[in-house]
Amino acid sequence: MAKSDSAVEHATDAPDDVRPGDPGTGIVLADAPVNPGFPPHRPRVTDQDPKKNRSAERTVFTLFYISIAGSIWAVASYLAFPIESGNLADVRMSTMYIGIGSAFALLGIGIGAVHWAKALMSDKEGIDIRHPIHGSDETRQTAIEIFEQANEESGFGRRTLIRNTLIGALVAFPLPAVVLFRGLAPQNQDPVVALSHTMWKQGLRLTKDPSGLPIKASDVTLGSVFHVIPDGLYDAPDMLEEKGKAAVLLMRLDPGDLHPSPGRESWAYNGIVAYSKICTHVGCPVALYEQNTHHLLCPCHQSQFDITHEAEVIFGPASRPLPQLPITIDAEGYLVAQSDFHEPVGPSFWERS
Amino acid sequence: MPKLNAPSTKTARKNRKVGRRHPLATVALIAIGLGLTGGVYAAVNAAPATASADTTSASQQQITEGQKVFEANCASCHGLNAVGSANGPSLIGVGAAAVDFQVGTGRMPMAASGPQAPQKPVQLNDTQIADLAAYVASLAPGPAIPTGPQISTNGDAAQGAELFRINCAMCHNVAGAGGALTEGKYAPPLAGVTPTHIYEAMITGPQNMPVFNDLNLTPAQKSDIITYLTYIQQNPSPGGYALEDLGPVSEGLFLWIFGLGAIVGLAVWITAKSN
C-alpha cells in the first residue's frame with residue numbers, strides 16, 4: 001500500500017518472515033527497537049560437573065520418594081486418627097496429620113518436577129514465533145464460503161419464522177429467573193413499608209434477649225445495659241426478619257445527663273433509654289456501650305453515637321443518629337413501647353426520604 | 001429418724017387416739033422428712049452467706065486497717081473517706097466486689113492517669129485487699145465478693161456461650177480475646193481471669209463496662225458464662241491454630257503475608273535460571 005511514509009503500517013503489508021517487534025500483534029511499529037536476541041548461552045554446573053549432575057538427579061528422585069511417603073502418611077493418618085468419638089479434638093488431629101501428609105505428597109511432586117526441569121532438562125534457548133492472528137486471504141475466503149454454505153443449507157436467512165422464533169425463545173429463557181428473584185422480595189406488601197416499620201407498637205413489652213422475659217423498670221440499675229427483643233418475637237412468622245429490625249439496646253443513665261430535644265422529653269423513663277441496635281451506616285449491630293462516656297461504638301466501621309445527645313453521630317461514617325424507641329411502663333411496672341420507631345431503622349434505602 | 005419423729009407422732013396419737021397406721025401419719029412423716037431435708041439444705045446453703053456476712057461486717061480492726069491502706073494508697077484520687085475528687089470517682093456504695101476486682105487485678109492503684117486503668121501486677125497483698133474491701137464495704141451497702149455456687153464452673157457452657165454472644169462478645173470478642181473501644185480504651189482479653197473477678201466485673205461494671213445486675217443476668221446465668229469462658233480455655237480450637245482468636249482481620253493478614261509471600265517466593269524460584 002502507499003502508506004510507506006506513515007509511522008505505522010498494517011501487519012499484513014510486511015512479509016511474514018521478517019516482521020519486527022512482537023509477532024502476533026495487528027499493528028507493528030516501523031521504528032520498533034530491534035530485538036537484540038539472546039545473551040550467550042551459559043552452561044549450568046550440572047552440564048559441566050557430572051557429580052553435580054548426579055547430585056541433582058538424587059535430589060529429584062528423593063523429592064518424589066518424599067511425595068510417596070507423604071501419600072502413605074496421609075492414608076495412615078486417616079486410619080490412625082479416626083473421627084468417631086464425636087470429640088472435636090479428634091477432628092483437629094485427623095485434619096492436621098492428613099494435611100501434613102498431603103502437603104508433602106503434592107509439594108514433593110511439584111518441587112521435584114520443577115527442579116528436574118531447571119537442573120537436568122536441556123536448557124537451550126529458542127523461540128517459537130506465534131503465528132499471525134490475521135489469517136491468509138485464502139483462509140478468510142474459505143471461512144466466508146463455509147458460512148454461506150451453512151446459511152444456504154440450514155435456511156437460517158431464508159426461513160425467517162424459524163429464525164425469529166428461535167431468537168424469541170432465547171430472549172424468553174432468562175425470564176423465569178427474573179420472576180424467581182422477584183419472589184425473594186417481601187410478598188403481599190410494599191418493601192418500603194416493610195423497611196419502614198418494625199414489630200414495636202404501643203404497649204408491647206420490652207423483653208430480654210434471648211429469654212423473652214419482660215423487664216421491670218426497677219431491674220435496670222444505673223449503668224446497666226439490656227439487650228432487648230419485643231415480646232412475642234418468637235411467635236412471629238418471620239422471626240429473624242423481625243428481630244433484625246426490632247433489636248433494641250436499653251441503657252440507664254442519670255436523667256440529668258440526657259439532653260432530649262423538644263417533643264422527645266417523654267421518650268425516656270427515669271433515665272432509661274432504648275435505641276435501635278441496627279447501625280444507620282450498613283446495619284451492623286451497635287452494642288459496644290461505654291458506661292462512663294455514654295458512647296456507643298459500632299464495631300464494623302467505628303461509627304460512634306452519643307447516647308446523652310439522642311445518639312447523634314460523633315465519629316465515623318454513619319450519617320444519621322440511631323432511631324430512639326419511645327418507652328414507658330405499664331400498670332405492672334414493666335417497660336413497654338409507646339409506639340413504633342418514628343423513622344425507619346438501619347441503613348438508607350432508595351425510597352427513604 | 002424414728003427417734004426424731006417420736007414427739008410429733010406421739011402428739012398425733014394423743015389427739016387422734018390412733019397408732020402410726022393413721023392415714024395422716026404418712027403425711028406427717030413426709031412433712032417432717034421434707035422439713036428436715038430443707039432445714040439441713042438451708043443451713044448448708046446459708047453457711048457461705050453467713051461467712052461472707054462475717055467478712056463484710058468484718059472485725060472493726062479489719063475496717064480500721066483497711067482505712068489506713070485506703071488513706072495511704074487511694075485517698076489522693078478518691079478523696080478522704082472515699083467521697084471522690086476531681087481525679088477519681090466516689091467509692092460510696094461500690095461494695096467489696098469492686099475493691100476486690102480493681103485492686104485484685106492490679107488495676108488500682110493506678111500508675112498513671114490514662115484512658116483506661118490497665119491490668120498490671122497486683123500492688124497490695126491479700127490481707128491489705130481484704131482489709132480495704134472491708135473498709136469500703138463498711139461505708140455503704142454494695143455488692144459483696146461472690147462465693148460458692150456463684151463462681152462455679154459447673155454451669156451450662158452452651159447456655160453461657162449464647163448469653164456471652166448476646167451480652168459480652170461485641171466488646172470482649174466471641175472467644176473472649178478482647179477488643180478495641182474508642183479513644184484508646186479497650187475491652188481486655190478474658191483468658192486467665194479468675195471466675196471471681198469475672199463475676200465481680202459483671203456485677204460492678206468496672207471502668208467503661210456496663211453493669212449486668214442479677215435481674216439482667218441471674219447468678220446461675222453468670223455461672224454459665226464463667227463456665228463457657230473456662231471451657232474455651234481448656235478446649236483448644238478444633239480448627240487448628242486460632243491466631244489469638246482475633247477474627248477475620250488477623251486471619252486475612254496472616255494469609256496475605258504468609259500465603260501470598262509463599263506463592264511469590266515459589267514463582268520467583270520457578271522462573272529463576274538454575275546455575
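It should be noted that the structure appears before, not after, this text.
What follows concerns the overall build of chain A. If you tally the helices and strands in chain A, you get 8 helices and 13 strands. Sorting the 353 residues of chain A into buried and exposed places 32% on the buried side. Taking as baseline every contact in chain A between residues at least 6 positions apart, the subset at least 24 positions apart corresponds to 58%. Entry remark: accessible area of chain A is about 22000 Å², with carbon and sulfur atoms responsible for 62%.

A separate point is the interface of chain B and chain A. Often the size quoted for an interface is simply the accessible area lost on bringing the parts together. Listed by partner, the interface residues are 31 residues for chain B and 33 residues for chain A. Buried area between chain B and chain A, summed over both chains or domains, comes out near 2900 Å², and the portion from carbon and sulfur atoms is 55%. Linking chain B with chain A are 2 salt bridges. When the shortest N-O distance is used, the salt bridge between K273(B) and E125(A) registers 3.3 Å. Counting the contacts that link chain B with chain A gives 18 residue pairs in polar contact (both at pLDDT 80 or more). Of all the secondary-structure elements, those providing two or more residues to the side of chain B that touches chain A are α7 (157–167), α8 (169–172) and α11 (248–271) of chain B. Sort the elements by how many residues they give to the side of chain B that touches chain A and α7(B) lands first, with 4 residues.

Let us now look at the side chain of D340(A). Residues and elements named next belong to chain A. Position of D340 relative to the elements: it lies in the segment after β13 (335–337). Among the polar contacts made by the side chain of D340, one reaches the side chain of T198 at a distance of 2.6 Å. Excluding residues within four positions of it along the chain, D340 makes contact with H197, T198, W200, K201, L325 and P326.

It is worth spelling out the state of the cysteines at this point. Summed over the entire model, instances satisfying the criterion amount to 1 disulfide over all chains. Note on cysteine connectivity: C284(A) is disulfide-linked to C300(A), with sulfurs 2.1 Å apart. On the S-S bond that ties C284(A) to C300(A), the torsion sits near -100 degrees, and the link is left-handed. Placement of the pair is C284(A) in the loop between β6 (272–276) and β7 (288–289) and C300(A) in the loop between β8 (295–297) and β9 (304–306), with a sequence separation of 16 residues. For C284(A), a relative accessible area of 14% puts it in the buried group. For C300(A), a relative accessible area of 36% gives the class partly exposed. Cysteine C168(B) remains unbridged, with the sulfur of C171(B) as its closest cysteine sulfur at 8.9 Å. Look at C168(B) and you get buried, because its relative accessible area is 11%. By relative accessible area, C171(B) is classed as buried at 14%.

On to the pattern of salt bridges. Residues and elements named next belong to chain A. Inspection of the entire model under this criterion finds 11 salt bridges over all chains. One salt bridge connects R352 with E343, and the closest N-O pair in it is separated by 3.1 Å. Residue classification places R352 among the buried positions, given a relative accessible area of 18%. Overall, the relative accessible area of 28% leaves E343 in the partly exposed class. Overlapping salt bridges, with partners in common, bring together R44, D47 and D123 in one network.

Residue and element names in this part refer to chain A. Pairing is antiparallel across the open sheet formed by 4 strands, whose spatial order is β7-β8-β9-β10. The outermost strands of the open sheet, each flanked by one partner alone, are β7 and β10 (312–315). Of the strand pairs in this sheet, β7 and β8 are connected by 2 bridges, and their pairing is antiparallel. Its bridge partner lying in β8, L288 is registered against L297.

Below, the discussion takes up the pairing of strand β4 (residues 225–230) of chain A. All names here are of chain A. The buried count for β4 comes to 6 of 6 residues, which makes it a mostly enclosed element. Burial along β4 is two-sided: the residues V225, H227 and I229 and F226, V228 and P230 are all buried. Relative to β4, strand β3 (residues 206–208) is paired through 3 bridges, and the arrangement is antiparallel. The partner of T207 across the bridge, within β4, is I229. As paired strands, β4 and strand β5 (residues 248–252) are joined by 4 bridges and run antiparallel to one another.

The next point concerns the nonpolar core. Among the nonpolar cores identified, the biggest contains 25 residues, and M251(A), Y289(A), L296(A), F305(A) and I307(A) are the most heavily contacted of them. Among the secondary structure elements, those contributing two or more residues to this core are β5, β6, β7 and β8 of chain A together with α8 of chain B. The residues touching I307(A), leaving out its near neighbours within four places in the chain, are M251(A), L253(A), L258(A), V273(A), Y275(A), Y289(A), H294(A) and L296(A). Formed by 23 residues, the second largest nonpolar core is a distinct cluster that contains I229(A), A246(A), L250(A) and L325(A).

About the cut-offs
Residues numbered from 1 in each chain as written. Chains lettered and ligands numbered in written order. Predicted model: local features only at pLDDT ≥ 70, side-chain atom pairs only at ≥ 80, totals over all residues. Heavy atoms only, no water. Helix = DSSP H or I, 4+ residues; strand = E, 2+ residues; numbered from the N terminus. Buried < 20%, exposed > 50% of the residue type's maximum accessible area, 1.4 Å probe, protein only. Contact = heavy atoms within 4.5 Å. Areas by Shrake-Rupley, 256 points an atom, 1.4 Å probe, with all protein chains shown as cover. Buried area = accessible area lost by both parts, 1.4 Å probe. Salt bridge = Lys/Arg side-chain N within 4 Å of Asp/Glu carboxyl O. Polar contact = N/O pair within 3.5 Å; in protein donor to acceptor, adjacent residues only side chain to side chain. Disulfide = S-S within 2.5 Å. Pairing = 2+ DSSP bridges. Core = buried A, V, L, I, M, F, W, Y, C linked by side-chain atoms within 4.5 Å.

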